[in-house]
Amino acid sequence: MYSYFREIFSGSRLRTKFMLFFIIFASVPILALGGVSLYLIDISHRQDVSNLEEQLIDQKIEEIGKFFTETLGALELLVSTDKLYIESSEQVFLLDWLILGNKVFEEVSLINLRGQETEKRVKAEIESEAELFDVSRLPKFASLQAGKNYIGDIKNTISGPLVTLATPVKNRNGAIMSYLSAEVNLFQLIKSIESSKLGSSGYLALLDKDGSLISRKGFKFALIGFDLSSALRVKHILSGGVFSGLAGRDRYESFLTGAPVVGAGKQVRDIGWAIIAEWPISDADAIIKDIRNQVVTLTIISIMAVFISAPFFALRLLKPIHELEKGTAKIEEGNFEYRVNI
């Protein structure tokens, strides 16, 4: 290689100038095109990664919303009567029908307008009489008295993660007769979140409204209930903010696995939960690395071709000049019949 370049640049100064001009004139556009291509490929790839993360998050938010809409819908009963109370026998029938007909219900209870449980059914103890409690001082009763449906905090139990849902029971005139409360098992919902994947190793993390971890599949260091509320990204999402995976700050070291990831996140409206998608950079950028290497390789090959062809280009351009120089020398020697053929 050294001898090649030495031969190239050991000719006349004019030849060297022609070669340098050709190399610069041909190499600069190749380098510029390669650089622009790499930049556009990187921008396009980041947008694709962001779109995939946001699509998966939106899909799961819709799934969570549908789950709670359908579950609350099963509780929002309209009893066909003008009475302002439910008979004892009707309460038993109603609760048996609910707990047997809805696999996600672990416990259902009726609460009177004073906050006293009047009837209860527990799936694990369907044949026995469940203990009744005064719930008048609990947050769910305050929410029900204010005319709002209640969605409680997640509790981790032997049966799985449970959440309390409560709603009024109305007669056909729209008057509130009682309140209906249920302990709802979230196992299938969380299993659906945990089974979601991005590429070969990307995952979703689900957090409750207090910033505690609900799902943990694939996490090395985090346990269910692990408090992440102090993390700036979690605070941002729980306050209604969004991050999309596009910005440079969305590439960070995961607080769940410790690995560099591309992250995106949104809040589940009305429930207050947060969903975070994290995709390890080593996996997310695996395809783009191959494309980058191909562009770089092609650019290097093109520049090498320019260097190799430069001497031939210079010789071709300088050939007429050499012919003129030769003719001039012949004439100086007195050979006036010599003809220059260009």
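From a predicted model like this one, the values you see are computed outputs, not experimental measurements. (Residues numbered from 1 in each chain as written. Predicted model: local features only at pLDDT ≥ 70, side-chain atom pairs only at ≥ 80, totals over all residues. Heavy atoms only, no water.)

1. Topic: the overall build of the chain
Okay, step 1: Looking only at helices and strands, the chain features eight helices and ten strands.
Okay, step 2: In the chain, buried positions account for 42% of the 342 residues.
Okay, step 3: Carbon and sulfur atoms provide 58% of the accessible area of the chain, an area that totals close to 19600 Å². (Helix = DSSP H or I, 4+ residues; strand = E, 2+ residues; numbered from the N terminus. Buried < 20%, exposed > 50% of the residue type's maximum accessible area, 1.4 Å probe, protein only. Areas by Shrake-Rupley, 256 points an atom, 1.4 Å probe, with all protein chains shown as cover.)

2. Structural notes on a nonpolar patch on the surface
Okay, step 1: Taken together, the side chains of Val296, Ile300, Met304, Ile308 and Phe312 make up a nonpolar region of the molecular surface, amounting to roughly 490 Å² of accessible area.
Okay, step 2: Position of Val296 relative to the elements: it lies in helix 8 (residues 286-332). (Patch = residues over 30% accessible without salt bridge, like charges linked within 9 Å, V, L, I, M, F, W, Y side chains within 5 Å. Salt bridge = Lys/Arg side-chain N within 4 Å of Asp/Glu carboxyl O.)

3. Some details on the pairing of strand 7 (residues 203-207)
Each regular strand carries side chains that alternate between the two faces of the sheet.
Okay, step 1: Counting buried residues along strand 7, five of its five residues qualify, which places the element largely inside the surrounding structure.
Okay, step 2: Alignment of strand 7 against strand 10 (residues 274-280), held across five bridges, turns out to be antiparallel. Opposite Leu206, over in strand 10, you have Ile275 as the bridge partner. (Pairing = 2+ DSSP bridges.)

4. Things to note about unusual backbone geometry
The phi torsion of most residues other than glycine is negative, and most of the peptide bonds are trans.
Okay, step 1: For Asp270, which is not a glycine, the phi torsion comes out positive at approximately 75°.
Okay, step 2: Here Asp270 lies in the loop between strand 9 (260-267) and strand 10.

5. Notes on the packing of aromatic side chains
Okay, step 1: Going through the model one piece at a time under the given rule, you end up with three aromatic pairs.
Okay, step 2: Aromatic side chains Phe67 and Phe68 sit 5.4 Å apart centroid to centroid with 90° between the ring planes, which places their arrangement in the edge-to-face category.
Okay, step 3: What makes Phe67 buried here is its relative accessible area of 15%.
Okay, step 4: When the ring of Phe141 is compared with that of Tyr179, the centres are 5.7 Å apart and the planes differ by 85°; the resulting orientation is edge-to-face. Here the residue Phe141 occupies a position in helix 4 (residues 139-145), and Tyr179 occupies one in strand 6 (residues 176-185), the gap between them amounting to 38 residues.
Okay, step 5: Since its relative accessible area comes to 3%, Phe141 is described here as buried.
Okay, step 6: One aromatic cluster in this structure is built from Phe67, Phe68 and Trp273. (Phe/Tyr/Trp six-rings, centres within 6.5 Å; stacked < 30°, edge-to-face > 60°.)

6. A few points about helix 5 (residues 187-194)
Okay, step 1: Turning to helix 5, its buried residues are Leu189, Ile190, Ser192 and Ile193. Projected down its long axis, helix 5 shows its buried positions confined to an angular sector of 155°, all on one face.
Okay, step 2: For helix 5, the elements touching its buried residues are helix 2 (13-75), strand 5 (160-171) and strand 7. (Arc of directions from axis to C-beta. Contact = heavy atoms within 4.5 Å.)

7. As for the sheet that holds strand 8 (residues 251-253)
Okay, step 1: Pairing in this open sheet of four strands is antiparallel, and the strands run 7-10-9-8 from one edge to the other. Across the chains shown, the open sheet's two edge strands, defined by having one partner strand only, are strand 7 and strand 8. Across the sheet, the axes of successive neighbouring strands diverge by a mean angle of 40°, strand direction being ignored.
Okay, step 2: Relative to strand 9, strand 8 runs antiparallel, the two being bridged by three bridges. Bridge pairing links Glu253 to Pro260 in strand 9.
Okay, step 3: Against the sheet, helix 2 makes contact with strand 7, strand 8, strand 9 and strand 10, and its axis sits at roughly 40° relative to strand 9, the strand it touches most. (Axes fitted to C-alpha atoms, helices over the stretch in contact; angles between N-to-C directions.)

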